[in-house]
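Below are the chains, spelled out letter by letter.
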Amino acid sequence: GGDEEEAGGGSRATQLLTILNTELPLCHNREKCDELVIRIVELQGNSNKGFRRRLLETLKEVPRKRLDLLPMYARIAAILSTVALDHESSFAGKLSKELRSEFRSLLKRQAKTYLRDVRSLNGRYLAEMTKFGSRYGAPPAIVFSCFRLLCLDFKNESVDVICCLLEGCGRYLLCQPHTAERMDRQLSAIMKLRKAKNIDNSRATLLDNAYYTCKPPAGGRGNLSEKARKLELLTPLERYIRYLILEKLDPSEKSVDFVIDKLRRLPWNQSYSPAAPKGAEDTAAADAERGDEGDGEGEVEGEDEGEDEGEDEGEGEGEEGEE
């Protein structure tokens, strides 16, 4: 019996190591994550402190280029928190504290450019953890404290991390009732700093894009200019021709030859009937009605002119006969 238990324990340890080293980096969807957590619990990983510690380290040390793993790892940490792997604090809470400590450490080493990817990854990871809420993820207070520290040191490197946080969880915090007001004030403060500080044009553009990710412009199609509305009504072929003539064509011989070649390849032999764009049916109907009215008026005018001409000719013949 003891040998069987030792064999079973060794087998479980081997399977848990396989999960850490091989299967965890292959979690590309939610179903795979859920299946992996179920296997960990079934293998009694929740009673193994050494495995919990190694799992925490593995979840924290995400490869720099594997940004696709961040939502999956955050989900695994959130699910493990629901089964109470640790009685002292939740698994996600421990991971959040580790990420916050790493954030503070990286903030002190901003002069080292080779850590740029690590800083961005840390910010995106914190954002993903925040979206699972205070109970199964990172408390919003952690992200707001990160925003405060980054705004105090509003340099190009800090702007990169701010953009990662805004794109990752800014919209989420803005839509939650208990964080909406604070997030709105934070966005206003960030945009004031963006106008006051001297930052690169590229980073200013990134910051604007991140801001509008959180707060999209109101109105949607209503904010389109008249030129944009006209372009929307064009078919793909018409837009391509417009692009060739207005953008690609320039005085150089190479450009002229290129545009002529592309125009010659268009389907000139086919009958072209552009699809009616949205809202064009009413316009076409109105034009048809105007055309019908014009035809009717033309017929009436033609009849009147014909009658007048006939009367004039008859009078002229009568006068000649009398003479």
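Only a predicted model underlies this, so the values are computations on that prediction, with no experimental measurement involved.

Colleague: Please clarify how the packing of helix α10 (residues 180-196) against helix α11 (residues 201-214) should be interpreted in this entry.
Modeller: At a minimum axis distance of 11 Å, the contact between α10 and α11 shows a crossing angle of 160 degrees. Of the possible angle classes, the one that applies to α10 and α11 is roughly antiparallel. Crossing hand, α10 versus α11: left-handed. Mapping the contact onto sequence places L187, I190, M191 and R194 in α10 and A204, L207, D208, Y211 and C214 in α11.

Colleague: How do you make sense of the environment of R119 when you look at a structure like this?
Modeller: Relative to the assigned elements, R119 resides in helix α6 (residues 116-130). Spatially, the C-alpha atom of R119 lies 8.4 Å from that of D160, the residues being 41 residues apart in sequence.

Colleague: Before we go on, may I ask you to explain a nonpolar patch on the surface in this structure?
Modeller: Together, I245, L246 and L249 make up a nonpolar patch on the protein surface, roughly 270 Å² of accessible area in all. Tracing the backbone through its elements, the reader meets I245 in helix α13 (residues 236-248). The partly exposed category is assigned to I245, whose relative accessible area is 41%.

Colleague: Can you walk me through the confidence of the model for the chain in this structure?
Modeller: Fine structural detail should not be taken from predicted coordinates in areas where pLDDT scores are low. Mean pLDDT over the chain works out to 77, with 72% of the residues at or above the 70 mark. Note that residues 317-323 has pLDDT below 50 and, in this model, zero contacts with residues that lie over four places away or in other chains.

Colleague: Which parts of the structure should I look at to understand the nonpolar core?
Modeller: Most often, soluble globular proteins have nonpolar side chains that are buried together. L55, L59, I76, Y125, M129, F147 and L166 are the most contacted members of the largest nonpolar core, which totals 62 residues. A per-element tally of this core places helix α9 (residues 156-175) first, with nine residues. If near-sequence neighbours (up to four positions away) are discounted, M129 is found in contact with A74, A77, A92, L95, S96, L99, G137 and A138.

Rules behind the numbers
Residues numbered from 1 in each chain as written. Predicted model: local features only at pLDDT ≥ 70, side-chain atom pairs only at ≥ 80, totals over all residues. Heavy atoms only, no water. Axes fitted to C-alpha atoms, helices over the stretch in contact; angles between N-to-C directions. Helix = DSSP H or I, 4+ residues; strand = E, 2+ residues; numbered from the N terminus. Parallel < 35°, antiparallel > 145°, perpendicular 65-115°, else oblique. Left-handed = near helix turned anticlockwise from the far one by under 90°. Contact = heavy atoms within 4.5 Å. Patch = residues over 30% accessible without salt bridge, like charges linked within 9 Å, V, L, I, M, F, W, Y side chains within 5 Å. Areas by Shrake-Rupley, 256 points an atom, 1.4 Å probe, with all protein chains shown as cover. Salt bridge = Lys/Arg side-chain N within 4 Å of Asp/Glu carboxyl O. Buried < 20%, exposed > 50% of the residue type's maximum accessible area, 1.4 Å probe, protein only. pLDDT = per-residue confidence, 0-100. Core = buried A, V, L, I, M, F, W, Y, C linked by side-chain atoms within 4.5 Å.

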